[in-house]
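Here is what each chain is made of, one letter per residue.
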Amino acid sequence: MASPGILPGTCLGDLEWDRGSELWFAQGIPGFENERRMVPVEIPAQRPLVYLQSAETPGLCFLALPVTTIQADFEVRLTADDFQALELDPSIDPVPGLDILCLALLGPSESGIRTNLAAPVIISLHTMRGHQLTPMAGPLYWHLGEGRAWERSCL
Amino acid sequence: MFVVRRRVGERILIADDIEIEIVEISKTRVKLGVRAPREVPVMRAETVPVAAENRAASAWASSRIAAAPAQLMKLLQNLQDNSAQTVAYVPDQ
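Residues numbered from 1 in each chain as written. Chains lettered and ligands numbered in written order. Predicted model: local features only at pLDDT ≥ 70, side-chain atom pairs only at ≥ 80, totals over all residues.

### As for the sheet that holds strand β3 (residues 23–24) of chain A
Through backbone hydrogen bonds, the strands of a sheet pair up, either in parallel or in antiparallel fashion.
All names here are of chain A.
Thinking step 1. Taking strand neighbours across the sheet as the criterion, the 7 strands line up as β3-β4-β5-β6-β7-β10-β11 in an open arrangement whose pairing is antiparallel. Each of the sheet's edge strands pairs with one partner strand only, and the pair in question is β3 and β11 (130–132).
Thinking step 2. Sheet analysis places β3 next to strand β4 (residues 37–41), joined by 2 bridges and oriented antiparallel. The residue of β4 that forms the bridge with L23 is M38. (Pairing = 2+ DSSP bridges. Helix = DSSP H or I, 4+ residues; strand = E, 2+ residues; numbered from the N terminus.)

### Topic: the interface of chain A and chain B
Thinking step 1. Across the boundary between the two partners, chain A contributes 36 residues, which contact 30 residues of chain B.
Thinking step 2. Residue assignment for the side of chain A that touches chain B shows that the elements contributing at least two residues are β6 (61–66), β8 (107–109) and β9 (112–116) of chain A.
Thinking step 3. Top contributing element to the side of chain A that touches chain B by residue count: β6(A), with 4 residues.
Thinking step 4. Each residue belonging to the side of chain A that touches chain B can be placed in one class, and the counts come to 24 nonpolar, 10 polar and 2 charged. (Contact = placed C-beta atoms within 7 Å. Nonpolar A, V, L, I, M, F, W, Y, C, P; charged D, E, K, R; others polar.)

### Looking at the nonpolar core
In a soluble, globular protein the nonpolar side chains are often hidden away together inside.
Thinking step 1. Ranked by size, the top nonpolar core spans 45 residues in total, and within it A:F62, A:A64, A:L65, A:L103, A:A104, A:L105 and A:L106 carry the most contacts.
Thinking step 2. Broken down by secondary-structure element, the contributors of at least two residues to this core are β4, β5 (50–54), β6, α1 (80–86), β7 (100–105), β10 (121–124) and β12 (141–145) of chain A together with α1 (48–66) of chain B.
Thinking step 3. Here A:L106 is in contact with A:L63, A:A64, A:L65, A:I113, A:T115 and B:A57, once residues within four sequence places are set aside. (Core = buried A, V, L, I, M, F, W, Y, C linked by C-beta atoms within 7 Å. Buried ≥ 20, exposed ≤ 12 C-beta atoms within 10 Å, placed from the backbone.)

### Quick notes on unusual backbone geometry
Residue and element names in this part refer to chain A.
Thinking step 1. A cis amide bond links R47 with the next residue in sequence, P48, at an omega value of 15°.
Thinking step 2. Structurally, P48 can be placed in the loop between β4 and β5.
Thinking step 3. Residue E87 is not a glycine yet carries a positive backbone phi of 55°.
Thinking step 4. Structurally, the position occupied by E87 is in the loop between α1 and β7.
Thinking step 5. E87 sits in the partly exposed class, given 14 other C-beta atoms within 10 Å.

### Overview of the environment of A:P8
Residue and element names in this part refer to chain A.
Thinking step 1. By secondary structure assignment, the location of P8 is in strand β1 (residues 5–10).
Thinking step 2. Put simply, P8 and E110 are 102 residues apart on the chain and 32 Å apart in space, counted from C-alpha to C-alpha.
Thinking step 3. Contact partners of P8, with chain neighbours within four places excluded, come to D14 and P58.

### What about the pairing of β10(A)?
All names here are of chain A.
Thinking step 1. Neither face of β10 is exposed, since V121 and I123 on one face and I122 and S124 on the opposite face are all buried.
Thinking step 2. Where β7 lies against β10, 4 bridges are found, and the strand directions are antiparallel. Along β10, the bridge assignment pairs L103 with V121.
Thinking step 3. Pairing analysis gives 3 bridges linking β10 to β11, with the strands arranged antiparallel. Bridge pairing links V121 to Q132 in β11.

### Re the environment of A:P94
All names here are of chain A.
Thinking step 1. Assignment of secondary structure puts P94 in the loop between α1 and β7.
Thinking step 2. Accessibility expressed as a C-beta count within 10 Å gives 21 for P94, which makes it buried.
Thinking step 3. For the pair P94 and F83, spaced 11 residues apart in sequence, the C-alpha to C-alpha distance is 9.6 Å.
Thinking step 4. Dropping the residues within four chain positions of it, P94 is found in contact with L78, L88, D99 and I100.

### Brief notes about the sheet that holds strand β3 (residues 30–35) of chain B
Residue and element names in this part refer to chain B.
Thinking step 1. Taking strand neighbours across the sheet as the criterion, the 3 strands line up as β1-β2-β3 in an open arrangement whose pairing is antiparallel. Where the open sheet ends on each side, the last strands, each with one partner, are β1 (11–14) and β3. With direction set aside, neighbouring strand axes in the sheet form an average angle of 25°. (Axes fitted to C-alpha atoms, helices over the stretch in contact; angles between N-to-C directions.)

### A closer look at the confidence of the model for chain B
Thinking step 1. Mean pLDDT over chain B: 82, with 74% of residues reaching 70 or higher.
Thinking step 2. For the stretch residues 84–93 of chain B, pLDDT sits under 50, and the model shows 3 contacts to residues farther than four places along the chain or on other chains. (pLDDT = per-residue confidence, 0-100.)

Put into structure tokens, the structure is as follows:
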């Protein structure tokens, strides 16, 4: 039986996780190309928020949301390279929630939170591989201001 | 700009330790393989702005979680309110 992963001093405190829940990003995450092991952490009281914590660097953490909580009719399109990075069978059409999870990384904007839905993080539930999509046609920003709903944004 | 014609399997070298190999050529695309030292970032050009966004997102997330839990709770409340509205919405039949 694999020993649990343990990482002290993370943003979430000392973190212990089952190795089976660890994600492998073969290419890292853009901006953090050497960060290949990540752990998704969901705190029931804080749903739908997902923490994506590096399993190697205690200070590296992302806040994320399932993309459909931002854009209900979001459709993911994977390229051959994406299938390869996720080690998914290219002959299947992966179903979000069943085969893959699509997470939007949250970042700051001038007056709230912003996310780029052209670059979601995709997680294969079959292979536990993770991969961030490359926006081929520019960013697709959504913005959440204080007390308002998510809306499309140019910046 | 260095311009050169290459066939599948042929390589280009940059300095002593970066190697680009032509893996596959199709009608509209070329598949490249890049070998480079671990400390040399290799990425698609389109990924550069995403890398900047990710660095900002990570710094922002870490500061929200570690230094400003009250702000995180406010954010969470906002997200949950927003999510609840989305999930609870059922159109009239």
